[in-house]
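Chain by chain, the residues:
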Amino acid sequence: MTEIPAKYDPAQKEDKWYAYWMANGFFHSEPDARQPYTIVIPPPNVTGVLHMGHMLNNTIQDVLVRRARMQGFNACWVPGTDHASIATEAKVVQKLANEGIKKSDLTREEFLRHAWEWKEKHGGIILEQLKKLGASCDWARTKFTMDERLSDAVIHVFVDLYNKGKIYRGVRMVNWDPAALTAISDEEVIYKEEHGKLYYLRYMVENPDSDSSAPQYAVVATTRPETIMGDTAMCINPNDPKNAWLKGRRVIVPLVGRSIPVIEDEYVDIEFGTGCLKVTPAHDVNDYMLGEKHGLPSIDIFNDNGTLSEAAGLYVGMDRFAVRQQIETDLQEAGLLEKVEAYTNKVGTSERSGAVIEPKLSMQWFLRMDQLAQPALRAVMEDVIKLVPAKFKNTYRHWMENVKDWCVSRQLWWGQQIPAYYIPQQFGGGFVVAETASEAVALARAKSGNDTLTEADLTRDPDVLDTWFSSWLWPQSVFDGILNPGNPEISYYYPTNDLVTAPEILFFWVARMIIAGYEYQGERPFSNVYLTGIVRDKLRRKMSKSLGNSPDPLDLIAKYGADSVRVAMMLCSSAGNDIIWDESLIEQGRNFGNKIWNSFRLIKMWDTPEGASLPQPESARVAVEWFGAKLAATVAEIDEHFAAFRISDALMSLYRLFWDDFSGWYLEMVKPAYGTPMDAVTYRATIGYFEQLLQQLHPYMPFITEEIWHYIADRGPQESIMVSRYVPQSVTASGARLVDRFELVKEIVGGIRNVRKSKNIAPKEPLAMLYVSDENYPSEFASILTKMGNLSSVAALASGSEKPTGASTFIVKTTEYLLPLGDLVQVDATAERARIEKELEYMRGFLSSVEKKLSNERFVQNAPASVIANERAKQADALAKIRALEAQLSTLS
C-alpha cells in the first residue's frame, strides 16, 4: 500500500494536478452527442490582475462547470480578455510618457504597434493567475475582444445596424472624460458625494424700473460659476411670484458682460436657490434640453482636456477647477458675488479614469435602443432569463423602460475603428458605412456619382467603438456566430447556460448581451444570470488598493492553498449579497481540508487482510445503511440548492455532512475496537462513501480531492475525479425514515453523555439503560446506542414496573430514558428535583405558546396543512414530556 503522508501540502500538489488536467485535455470541449453546459467568462480587462472580486466570480463559475462535467454534461467554459479601450490606452500612453514619447507625436499605426506590444507582454497575466485558482477553463478556446475574427464581427454588426437605420451620427450632449479625452456612456458615470460650495451670483437687470436709480440684480445660485461664460439665458418658473418682476427682461452675465434673455419654463424648481436658473446649453444636460426647447444658442467654453477655450473669452487655457477658484475672487472684487454657502451634491466621475465628467456637445455615433430593448425586457420580466437574486428584476426593468440611445463612439485609437468613410467636399461630401475599404469605395462612387474615386480619396472616421460594443457580442462571437451563423459550434453551445457576473455591469454588459442575442440569434444568450455581491472587509468597506484593505489572492493561495481560499469564498457568499471577508474563513477552509485528509488516513488504517474473514457487526451494518440514506438525502438537498443557485448553502450542507455526520458519527459507529481490523464489507462501504463524498466536494476543492482519489485506488494514466461520473441514489421512503429516526439517536447519545459529564462518570465505564417504551424509541438503532453510549444493556422498563430509585433520567421526544447509577454516584435528590422543575417550567411555557397559536382561528384557517400538523405534533410531544417529568418529580417526592 502506498504510504500516505501525515499532512497534505497544497504547495507540492496543486501545480502537479493542474498540469495533469491540462496535459490530458480534461478542460477541452468539442461538440458531441452529450448535452452541453456552457459558460462564457466575463472577460477581465487585458490590463487587469487578479483581485478578490475575480476570485469570487471565477470560483463560482468553476464550481458550476466542474459539477456539470461530473454530471455527464459536455462542459465548456470559454475564457478570454477584454481590450478595455480607455484603460489600456491610458496604460500605453503612460508607458510612452515614461520613455519620453507623446502620443501626439506618433501616427495611429505607430501608436497601435506600441499598444499591441504592451498587450502581448502584459495581457495574459490575469488568465495565468486564474490557473492558480484551479479554473478549469477551456484554454484552447481563449479569446480576446480584438482578435481578428471578433473584430470583424463587431464591424459587421455596426454596418448591419447602420443599414437597418438603428445607428446614426449627430451632435448630442455626451459625458466627456477630460482625462481620457473621450465620450463615455451614461452607465460609465459614477456619482460621488462631494462637499463643495453654492455660489450666489448677481446678474444685473437691463433697463431697471424707472423709479429705481440703483442697479437691480437677479441672483442665481450655482455650484459651477466657471461655466457663466457659456450662459445664453436665465430661466424662471412662470408660476413663481417672487421672480415675476423678471418676466420679459434681459440680464447681464457677471464679468462677461453679455446680455441674455430671461425665459420662462416650469422645469425650474421654485424652491432651489433663488428660483433663478442660469442656462448653459453646451455644458449641462438639462440646460441643453431647455436650449433646444427655447431655441437658445450654445457656446462651448471648454477644450477637450477641461481647460477653457477661446470661446470663453476669459481665463483661456486655465483648468476648469483653477478657474472656479479664481472666479470666486474676481466676482467678489467686482461686487457680483452675493454670498457663498457650503453645499453637498453628487458629482459625476468617469468610471474609467476617475476624472470629473464634463457634459459636452459633441458629434458622436449613437445606437437607437428603444425598439432593440423590447425583446430583452420581456425575456427577463417573463423569466425566460432568470436573474438571481430576483430582486434585480425591478432594477433591470426600470433601466430598460427608460433606456437612452447608446453613444457607441470613443475618441481613442485602441479599439475597433468605426467603419465610416468621409467623401471629400469636392465630390459632394457626406459619408458611407462599409465593412471594408473596397466596399466603401464602391458605395462612395455610387453616392457621389464619381467613378474615379479611390480609397485614397476617402477619410476613415478616426474614432473607435465603445469597448462594450465588442463584449455585448461575446456569447456569440466566441463561437463565430455573427460571421458564420448556424455553424456547428454556435448551434451546439448557444444559448449558454449560466452567466456569473457583478450587478454593477447588469446594464453595461448583461442587458446589452441579451439585446444582441435576440437581434442576431433570435434567442436568449443564457438562461440564468447569477449576480454576485461586492467583497468587503470586516468594516464593510469595499476592498480596494487605495484603502490597502484588499489582500493579494495569489499570496493567499501561496499561504493556504487554493482549496482553502475557494472554500472561504464560498462559505461567505450568497447571490446578490455583499461578502464580508475575513481571513479566518481561510483557516476554516484549511481545517476542513485537514479533516478530510485525516479522515482518509484513518479509514486506510482499517484496510487490512485480516478483515476479509470477519463478519460484519450489527452496529456497522446499521451504520452503513443509515449513512447511505443520509448521503442520498443530503445530495438531494444539495441538488435543490444548486437548482436555486444557493451555492453557499450547498457547500454548508456538504460541510455538515462530512464533518458531523460522516466524521463525527459514521466513522465512530463503524470504528473497530482498538487493535481489531475492520471487516471487509464495512470497509468497502466506507471507502465507497468516502469516494462519493470526494466527488461532491470536488467542485469546491478540486486539488485535495484529486490527490486523495488517486490514493484510494490505482487509476489509469488518463483518469481523474473531475471526469468521473457521480450517479446519486434516490431517497427511498424507508431511507428517509431511517435518516429522520437517527436524529433521535443523536439526542439519546447526547443525553447519556450529559449524564456521564454531570455525574463525573468515565466514558469507559459501561452503563445499563432502561426506557419507557413508545413509538419514538428507535429500536432499529439499538446496537448503535449500545456502542456509542457504551452501554452494558438496553432494555424496556417492564409494564407496571416501578422505576428504579437513584436513576438519572432524560427525555427525548416522548420517550423517557433511565440510567440506574447504583453505587457509581449518590443522586442529589434536591438538585435533581430542581433540574426537573426547571425543565417542566420551560415545557409548560413552550406548550402554552403552541396552544396559543393553535387557538388562533386565522392561523388555523390560513396556514398550510403541513404547518398545522407540525404544530399539533409539537403539542403532543410537549404534553408527553410534561407527563413524564411530572411522574419523575412524583417519584423523587
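Summarised in this report is the structure supplied together with it. Because the structure is a prediction, the values reported are computed rather than measured.

### Observations regarding the overall build of the chain
Now for step 1: Scanning the chain from N- to C-terminus turns up 27 helices and 29 strands.
Now for step 2: Relative to a compact globule of 893 residues, whose C-alpha radius of gyration would be 29 Å, the chain shows 37 Å and is clearly more extended.
Now for step 3: On the principal axes, the C-alpha backbone points of the chain span a range of 115 × 75 × 50 Å.
Now for step 4: Across the 893 residues of the chain, 52% fall into the buried class.
Now for step 5: Within the chain, counting contacts between residues at least 6 apart in sequence, those at least 24 apart form 77% of the total.
Now for step 6: Surface summary for the chain: the accessible area is close to 39700 Å², and the carbon and sulfur share equals 50%.
Now for step 7: Charge separation in the chain, taken as the distance between the mean sites of 96 positive and 116 negative side-chain charges, equals 4 Å.

### Some details on a negative patch on the surface
Now for step 1: A grouping of Glu 148, Asp 152, Glu 435 and Glu 439 is seen on the molecular surface, where their side chains present a negatively charged patch.
Now for step 2: By secondary structure assignment, the location of Asp 152 is in helix 6 (residues 148-163).
Now for step 3: Asp 152 sits in the partly exposed class, given a relative accessible area of 35%.

### A word on helix 2 (residues 52-70)
Now for step 1: The first and last C-alpha atoms of helix 2 sit 27 Å apart over 19 residues, in line with the 27 Å expected at 1.5 Å per residue.
Now for step 2: Counting buried positions along helix 2 yields 18 of 19 residues, so the element is predominantly enclosed.
Now for step 3: Where helix 2 terminates, the next one or two residues include Gly 72, which has phi positive at roughly 100°.

### Quick notes on the packing of helix 9 (residues 370-381) against helix 10 (residues 392-401)
Now for step 1: Viewed as axis vectors pointing N to C, helix 9 and helix 10 meet at an angle of 165°, and their least axial separation amounts to 10 Å. With respect to each other, helix 9 and helix 10 are oriented roughly antiparallel. As helix 9 packs across helix 10, the resulting crossing turns out to be left-handed. Counting all contacts with helix 9, which are made through Ala 373, Ala 376, Leu 377, Val 380 and Met 381, the residues of helix 10 involved are Lys 393, Tyr 396, Arg 397, Met 400 and Glu 401.

### A look at the state of the cysteines
Now for step 1: Inspection of every chain in the model, using the stated rule, returns zero disulfides.
Now for step 2: You can see Cys 137 has no disulfide; the closest cysteine sulfur is in Cys 76, sitting 9.7 Å from it.
Now for step 3: The structure places no disulfide on Cys 235, whose sulfur is separated from the nearest cysteine sulfur, that of Cys 276, by 9.3 Å.

### Topic: the sheet that holds strand 23 (residues 528-531)
Now for step 1: With parallel pairing, the three strands of this open sheet are ordered in space as 15-23-22. Every interior strand has two partners, whereas the edge strands, strand 15 (386-388) and strand 22 (498-501), have only one. Strand-to-strand twist of the sheet, defined as the mean angle between neighbouring strand axes without regard to direction, takes the value 20°.
Now for step 2: Relative to strand 23, strand 15 is paired through three bridges, and the arrangement is parallel. Its bridge partner being in strand 23, Lys 386 is matched across the sheet by Asn 528.
Now for step 3: Running over the sheet, helix 15 (residues 506-520) touches strand 15, strand 22 and strand 23 and is turned about 170° from strand 22.

The rules behind these values
- Residues numbered from 1 in each chain as written.
- Predicted model: local features only at pLDDT ≥ 70, side-chain atom pairs only at ≥ 80, totals over all residues.
- Heavy atoms only, no water.
- Helix = DSSP H or I, 4+ residues; strand = E, 2+ residues; numbered from the N terminus.
- Rg over C-alpha atoms; globule rule 2.2 N^0.38 Å.
- Buried < 20%, exposed > 50% of the residue type's maximum accessible area, 1.4 Å probe, protein only.
- Contact = heavy atoms within 4.5 Å.
- Areas by Shrake-Rupley, 256 points an atom, 1.4 Å probe, with all protein chains shown as cover.
- Lys, Arg positive; Asp, Glu negative; His and termini not counted.
- Charge placed at Lys NZ, Arg CZ, Asp CG, Glu CD.
- Patch = residues over 30% accessible without salt bridge, like charges linked within 9 Å, V, L, I, M, F, W, Y side chains within 5 Å.
- Salt bridge = Lys/Arg side-chain N within 4 Å of Asp/Glu carboxyl O.
- Expected span 1.5 Å × (residues − 1).
- Axes fitted to C-alpha atoms, helices over the stretch in contact; angles between N-to-C directions.
- Parallel < 35°, antiparallel > 145°, perpendicular 65-115°, else oblique.
- Left-handed = near helix turned anticlockwise from the far one by under 90°.
- Disulfide = S-S within 2.5 Å.
- Pairing = 2+ DSSP bridges.

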